[in-house]
Amino acid sequence: MPYRIETRDLNVYFNEVHILNDINMKIPKNAVTSLIGPSGCGKSTFIRTLNRMNDLIEGFKKKGDVLLDGEDIYDPNVDVVELRKKIGMVFQKANPFPKSIFDNVAYGLRIHGIADKDKLEKKVEKSLKAAALWDEVKHKLDKSAMGLSGGQQQRLCIARTIAVSPEVILMDEPCSALDPISTTKIEDLIHKLKKDYTIIIVTHNMQQATRVSKYTSFFLNGEIVESGPTEKLFMEPEDKRTEDYITGRFG
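What counts, and where the lines are drawn
- Residues numbered from 1 in each chain as written.
- Predicted model: local features only at pLDDT ≥ 70, side-chain atom pairs only at ≥ 80, totals over all residues.
- Heavy atoms only, no water.
- Helix = DSSP H or I, 4+ residues; strand = E, 2+ residues; numbered from the N terminus.
- Rg over C-alpha atoms; globule rule 2.2 N^0.38 Å.
- Buried < 20%, exposed > 50% of the residue type's maximum accessible area, 1.4 Å probe, protein only.
- Pairing = 2+ DSSP bridges.
- Axes fitted to C-alpha atoms, helices over the stretch in contact; angles between N-to-C directions.
- Contact = heavy atoms within 4.5 Å.
- Parallel < 35°, antiparallel > 145°, perpendicular 65-115°, else oblique.
- Left-handed = near helix turned anticlockwise from the far one by under 90°.
- Nonpolar A, V, L, I, M, F, W, Y, C, P; charged D, E, K, R; others polar.
- Salt bridge = Lys/Arg side-chain N within 4 Å of Asp/Glu carboxyl O.

*Asks:* Quick one: what's the story with the overall build of the protein, residue by residue and with numbers?
*Replies:* The helix and strand tally for the protein stands at ten helices and ten strands. Computed over C-alpha atoms, the radius of gyration of the protein comes to 18 Å, within 12% of the 18 Å expected from 2.2 N^0.38 for 251 residues, which places it in the range of a compact globule. Based on the C-alpha atoms only, the size of the protein along its principal axes is roughly 55 × 45 × 35 Å. Residues classed as buried in the protein amount to 51% of the 251 residues present.

What follows is the structure in structure tokens.
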């Protein structure tokens, strides 16, 4: 099985606090991997090490390796801007820019030097279609993104992420602030996107993990307790702590 991302003995510290402890994980290509576990167990910290978002936090230190297609992403020669283009991120709370819908999607393209109007228009349309938003916004691309509903804003942020043609998409609880109908739309979208992207999703919603992901890892206290195919992990967990968590005994 081809793996897109691999971590080896990954340890993360903020100042002297040890957040992640010896994380060894392989993320399969073109599949959805869910990360589950109670609040504060290290899931979000983990995915933020995968595109070096933690670099922006004071006191961040890491030991061990994070590999993208076999290459060390923390190598001093790595261009972090290029890395974040390859590994896009969708946050828990939709964070559109206070600009037009069009300019939100075109933002990353312009940063990466695309100025041609025709190219921008084609890419924006393609990205909005891929994010299942085009039909809802095609007549108001010049209107502020702040006027969209929460679910539409989140899909706009997904369109903005995929506009720059990433290879991996990280999603940090992308549905936690959304209503059930918007959540279903995002989940349908994840199913479509996995054909072209490797997707890692942090979710508190166990049902969501079973609906969208092929693989699941259970985090607890900064460690991975258990990883494997989603169906097996939920139906036949090997570790008592996994069983206790997914049956609601804690968390």
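*Asks:* Report on the sheet that holds strand 7 (residues 168-172), specifying residues and quantitative values.
*Replies:* A sheet is described by the order of its strands in space; here six strands give the open sequence 6-7-8-3-9-10, paired in mixed fashion. Unpaired on one side and paired on the other, strand 6 (87-90) and strand 10 (223-229) mark the two borders of the sheet. Averaged over neighbouring strand pairs, the angle between their axes works out to 15° when direction is ignored. Sheet analysis places strand 3 (residues 32-36) next to strand 8 (residues 198-202), joined by four bridges and oriented parallel. Along strand 8, the bridge assignment pairs Leu35 with Val202. The sheet contacts of helix 6 (residues 150-163) involve strand 6 and strand 7, and relative to strand 6 the element is tilted by about 170°. Relative to strand 8, helix 7 (residues 180-193) is tilted by about 150°, and along the sheet it contacts strand 3, strand 7 and strand 8.

*Asks:* Quick rundown of the packing of helix 3 (residues 101-111) against helix 6? Include the residues and the values.
*Replies:* The contact between helix 3 and helix 6 brings their axes to 7 Å, and the two run at 30°. If you check the angle between helix 3 and helix 6, you find them roughly parallel. Crossing handedness for the pair helix 3 and helix 6: right-handed. For the pair formed by helix 3 and helix 6, the contact residues are Ile101, Asn104, Val105 and Leu109 on the first element and Leu156, Ala159, Arg160 and Ala163 on the second. When grouped by side-chain class, the residues that make up the contact of helix 3 with helix 6 number six nonpolar, one polar and one charged.

*Asks:* Can you explain the sheet that holds strand 2 (residues 17-28)? Please cite residues and give values.
*Replies:* Pairing in this open sheet of four strands is antiparallel, and the strands run 2-1-4-5 from one edge to the other. Of all strands in the sheet, those with a lone pairing partner are strand 2 and strand 5 (71-72), marking the two edges.

*Asks:* Explain the pattern of salt bridges to me, using residue names and the numbers behind them.
*Replies:* What the rule picks out here adds up to 15 salt bridges. Between Asp135 and Lys138 there is a salt bridge; the shortest N-O distance is 3.7 Å. For Arg211, the salt bridge identified is with Glu187, shortest N-O distance 2.7 Å. Highlighted residues: Arg211 in helix 8 (residues 206-212) and Glu187 in helix 7, separated in sequence by 24 residues. On the accessibility criterion, Arg211 (40% relative accessible area) is partly exposed. Judged by its relative accessible area of 6%, Glu187 is buried. If you follow the salt bridges from partner to partner, you end up with Arg4, Asp69 and Glu167 in one network.

Keep in mind that these numbers describe shape and distance, not what the molecule does.
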